[in-house]
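# Per-entry structural report
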Amino acid sequence: MSSADAIRIDGLTHSYGETLAVGPIDLTVPEGEFLVLVGASGCGKSTLLRLIAGFEQPTGGSVLTGGAKPVPGKGAGLVFQQPRLFPWKTVGGNIELALRYAGQTVTAERVEELLARVGLHDVAKRRTWQISGGQQQRVAIARALAVENPLLLLDEPFAALDALTREKLQEDLRQVSAATGRTSVFVTHSVDEAVFLGSRVVVLTPRPGRIALDLKVGLPRSGIAADELRGLPEFAALRAEVGHAIRDRVTV
Amino acid sequence: MTTTLAPAPPAPPGSAGGTAALAPSGGLRRRLALRLLALVVLYVLWEVTARVMRNPAFIPSPGAVWDQLIRTSTEGYSGHSLLEHLGVSLRRIVIGSAIGIAGGLLIGVLLGTVGWLRVVAEPVVTFIRALPPLAYFSLFIIWFGIDETPKLWLLSIAALPPVAVATAAAVHGAPTGLVEAARALGASRWQATRDVVLPNALPEIFTGIRLAVGVAYSSVVAAETINGVPGIGGMIRDAQRYSQTDVVVLGLFAIGLSGLLIDSLLLSAETKLIPWRGRV
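Residues numbered from 1 in each chain as written. Chains lettered and ligands numbered in written order. Predicted model: local features only at pLDDT ≥ 70, side-chain atom pairs only at ≥ 80, totals over all residues. Heavy atoms only, no water.

Per an unreviewed UniProt entry, chain B goes by the name ABC transporter, permease protein and belongs to Actinoplanes couchii. Entered under Sequence similarities (unreviewed entry) in the UniProt record, the comment concerning chain B runs "Belongs to the binding-protein-dependent transport system permease family." Annotation of chain B in UniProt includes, under Subcellular location (unreviewed entry), the sentence "Cell membrane". (UniProt positions renumbered as here; feature names shortened; annotations may be inferred.)

You'll find chain A entered in an unreviewed UniProt entry as ABC transporter, ATP-binding protein, with Actinoplanes couchii given as the organism.

Right, dumping it as structure tokens:
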């Protein structure tokens, strides 16, 4: 494999008992790409992400991240659908814990800097239940960024948020991603979110999850306002293409 | 010991409402008034019953108990003042429950994390929990004599199971989502246990500790039935022998009221130590 491949997936399958949930899938993600996995509910996209994170093991085929078998906590930061913050720690304490696990020096400045990167200020001393759901998810992203892994994996992180908060977080994540250039895999069932965030969109078929469409998104990655981006004719065309790919495969 | 509902602490600034969302207990003033009223009613009932019965060996009047409070505090009873009796008993309770809680924590964490150990040891813990403390006290007397040692053993063994059971259940039922989040951040198994599983278990462990101290409290009288002077249980037993019912009642009050005090101390420690209780 080429050294520039952040993720390499070959003939990957995953079964729960007798049921084939995922695959076979072949997929190569080069460094710096923002890949969005999109598909209907239950198509195995979350399972695929957990396989890449090392939380699930392949039934067949292989997954390599950075050239090695993925191990949880080594090489990939993870953001879940729920923030999963530790309520016995303050907001800052949650970030500190991540820094400590990563073997980095823990300073108040570093914590503030990480929170600022996701657009949060003066919340380090707050309790996790004293900030809003959107802010909690921002903290979860900052926590995943703190570890400075080459990979960032996000499993429908904005699905539980209201529409306004979701759009704001999408814009901010797009900026953070452009600034850090980190290879990311983002799972969603929203077509709009997929086209807005991804530099590449992969549509999965319903169970078993296979690749139905693999699309490069040629939209500008930075220096463009969200409304302007959504207003581009290319954006609408891509949305339609991805939408069709999903609807054609849904047979319920 | 009493396990009355806590006087709700004032809500910390910035938090929306108390944690006991399902059981609002009304304003502080109203609750105080209610409690005072209940006390007055109880006192009147007691006074009336004592006067009607006219049998101080059966029900002593509040006045007689009050006189005994003054007498045992100044002249003493069985050679020791009331405070000495209470102090010795409290010391036994504190040492006994401290040992029991420490042991319960250790056993609970082991039971919660090591699968085969849980299978082997859980019935043993349940077995001990089912025994009345007096039943194994005889064994401790045979083993350790009649001095301080068997009493402390009794209280420790009585206090251990509630903490062990609560800890084991909470550790075993740790939320996989949070453990996974810690492991995704690179935590080792031990780090995930220390930073996620144990803090997550703390509210339940604390409930276990309150129960344990309560069990130690209710066992202290049993522990002091043999060679229990000084000690509030020994005092009660001596008074029973001479039918001094007023001293018996005084002893009961001393145990109950100090129990209330200790429980409220534990509760205020809990709200300080575990501000996230009910927030997960």
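Counting its regular elements, chain A contains eight helices and nine strands. What you see for chain A is a C-alpha radius of gyration of 18 Å, in line with the 18 Å of a compact globule of 252 residues. The principal-axis extents of the C-alpha atoms in chain A amount to approximately 50 × 40 × 35 Å. Of all intrachain contacts in chain A linking residues separated by at least 6 positions in sequence, the fraction that spans at least 24 positions is 69%. (Helix = DSSP H or I, 4+ residues; strand = E, 2+ residues; numbered from the N terminus. Rg over C-alpha atoms; globule rule 2.2 N^0.38 Å. Contact = heavy atoms within 4.5 Å.)

Turning to helix α5 (residues 163-180) of chain A, a few remarks are in order. In a regular helix each residue adds 1.5 Å, so 18 residues correspond to 26 Å; α5 of chain A covers 25 Å between its end C-alpha atoms and thus fits that length. One or two residues past the end of α5 of chain A sits G181 of chain A, with phi positive at roughly 65°. (Expected span 1.5 Å × (residues − 1).)

A grouping of V40, Y43, V44, V48 and V52 of chain B is seen on the molecular surface, where their side chains present a nonpolar patch of about 460 Å² in accessible area. Mapped onto the elements of the fold, Y43 of chain B is located in helix α1 (residues 28-53). (Patch = residues over 30% accessible without salt bridge, like charges linked within 9 Å, V, L, I, M, F, W, Y side chains within 5 Å. Areas by Shrake-Rupley, 256 points an atom, 1.4 Å probe, with all protein chains shown as cover. Salt bridge = Lys/Arg side-chain N within 4 Å of Asp/Glu carboxyl O.)

Next up on the list: the UniProt feature "domain: ABC transporter" (unreviewed entry) in chain A. Here the UniProt feature "domain: ABC transporter" (unreviewed entry) sits at residues 7-231 of chain A. As annotated, residues 7-231 of chain A comprises 33% helix and 26% strand, and the C-alpha atoms at either end are separated by 32 Å.

Residues and elements named next belong to chain A. Taken in spatial order, the six strands make up an open sheet running β5-β6-β7-β3-β8-β9, and their pairing is mixed. A strand with exactly one partner marks an edge of an open sheet, and here the two such strands are β5 (76-79) and β9 (211-216). The mean angle between the axes of side-by-side strands here comes to 15°, regardless of whether they run parallel or antiparallel. In this sheet, strand β7 (residues 183-188) lies alongside strand β3 (residues 34-38) in parallel orientation, the contact comprising five bridges. What sits directly across from V38, in β7, is T188. Relative to β5, helix α4 (residues 133-146) is tilted by about 170°, and along the sheet it contacts β5 and β6 (151-155). (Pairing = 2+ DSSP bridges. Axes fitted to C-alpha atoms, helices over the stretch in contact; angles between N-to-C directions.)

To continue, consider the pairing of β7 of chain A. Residue and element names in this part refer to chain A. Most of β7 is tucked away, with six of its six residues classed as buried. Going residue by residue along β7, you find T183, V185 and V187 tucked away on one face and S184, F186 and T188 tucked away on the opposite face as well. With five bridges connecting them, β6 and β7 associate as parallel partners. Its bridge partner lying in β7, L154 is registered against F186. After leaving β6, the chain enters α5 and then returns to the sheet as β7, a path that is right-handed. (Buried < 20%, exposed > 50% of the residue type's maximum accessible area, 1.4 Å probe, protein only. Right-handed = clockwise from strand over helix to strand, strands pointing away.)

Turning our eyes to something else, we now look at unusual backbone geometry. Following V229 of chain B, the chain continues to P230 of chain B via a peptide bond in cis, the omega torsion being 0°. In this model, D122 of chain A sits at a positive phi of 55°, which is unusual for a non-glycine residue. Mapped onto the elements, D122 of chain A comes out in the loop between α3 (108-117) and α4. Residue D122 of chain A is classed as exposed on the basis of its relative accessible area of 69%.

With that settled, the discussion passes to the sheet that holds strand β4 (residues 60-65) of chain A. Residues and elements named next belong to chain A. Strand order in this open sheet of three strands is β2-β1-β4, and the pairing throughout is antiparallel. In this open sheet, the two strands that pair with only one neighbour each are β2 (19-30) and β4. In this sheet, neighbouring strand axes are inclined to one another by 20° on average, regardless of whether the strands run parallel or antiparallel. Two strands pair when backbone bridges link them, and strand β1 (residues 5-16) and β4 are joined in this way by five bridges, in the antiparallel orientation. Following the sheet pairing, T13 is matched in β4 by G60. Sheet strands in contact with helix α1 (residues 45-53) are β1, β2 and β4, and its direction is about 120° off that of β1.

In this complex, chain B contributes 21 residues to the contact, which on the side of chain A involves 22 residues. Together chain B and chain A conceal approximately 2000 Å² of surface at their shared face, both sides included; 68% is due to carbon and sulfur atoms. Of all residues in chain B, the largest losses of buried area upon contact with chain A belong to E180, A184 and L185 of chain B, amounting jointly to 33% of the total for that side. Counting across the chain B and chain A interface gives two salt bridges. When the shortest N-O distance is used, the salt bridge between R50 of chain A and E180 of chain B registers 2.8 Å. Where chain B meets chain A, there are six residue pairs in polar contact (both at pLDDT 80 or more). (Buried area = accessible area lost by both parts, 1.4 Å probe. Polar contact = N/O pair within 3.5 Å; in protein donor to acceptor, adjacent residues only side chain to side chain.)

All names here are of chain B. There is about 620 Å³ of room inside the second largest pocket. Looking at the second largest pocket, it is lined by 19 residues, and the ones nearest its centre are W46, V65, W66, F253 and L257. For the lining of the second largest pocket, the elements supplying multiple residues, two or more each, are α1, α2 (62-74), α3 (82-113) and α10 (245-273). At seven residues, α10 tops the list of elements feeding residues into the lining of the second largest pocket. Taken together, the residues that form the lining of the second largest pocket break down as 16 nonpolar, three polar and no charged. (1 Å grid on protein atoms, 1.4 Å probe; cavity = no way out; pocket = protein on both sides within 12 Å on 5 of 7 lines; lining within 4 Å. Points joined across faces, edges and corners; volume = space filled by probe spheres on them. Nonpolar A, V, L, I, M, F, W, Y, C, P; charged D, E, K, R; others polar.)

Attention now goes to the UniProt feature "transmembrane region" (unreviewed entry) in chain B. All names here are of chain B. Per the UniProt record, the feature "transmembrane region" (unreviewed entry) sits at residues 32-53, 93-117, 124-146, 152-171 and 247-267. Here residues 152-171 is 100% helix and 0% strand, with 28 Å between the C-alpha atoms at its ends. The distance separating the terminal C-alpha atoms of residues 247-267 is 30 Å; by composition the span is 100% helix and 0% strand.

Annotation of chain B at the domain level lists domain 1 (20-54) and domain 2 (64-273). Here the C-alpha centroids of domain 1 of chain B and domain 2 of chain B sit 28 Å apart. (Domains from an automatic or database assignment.)

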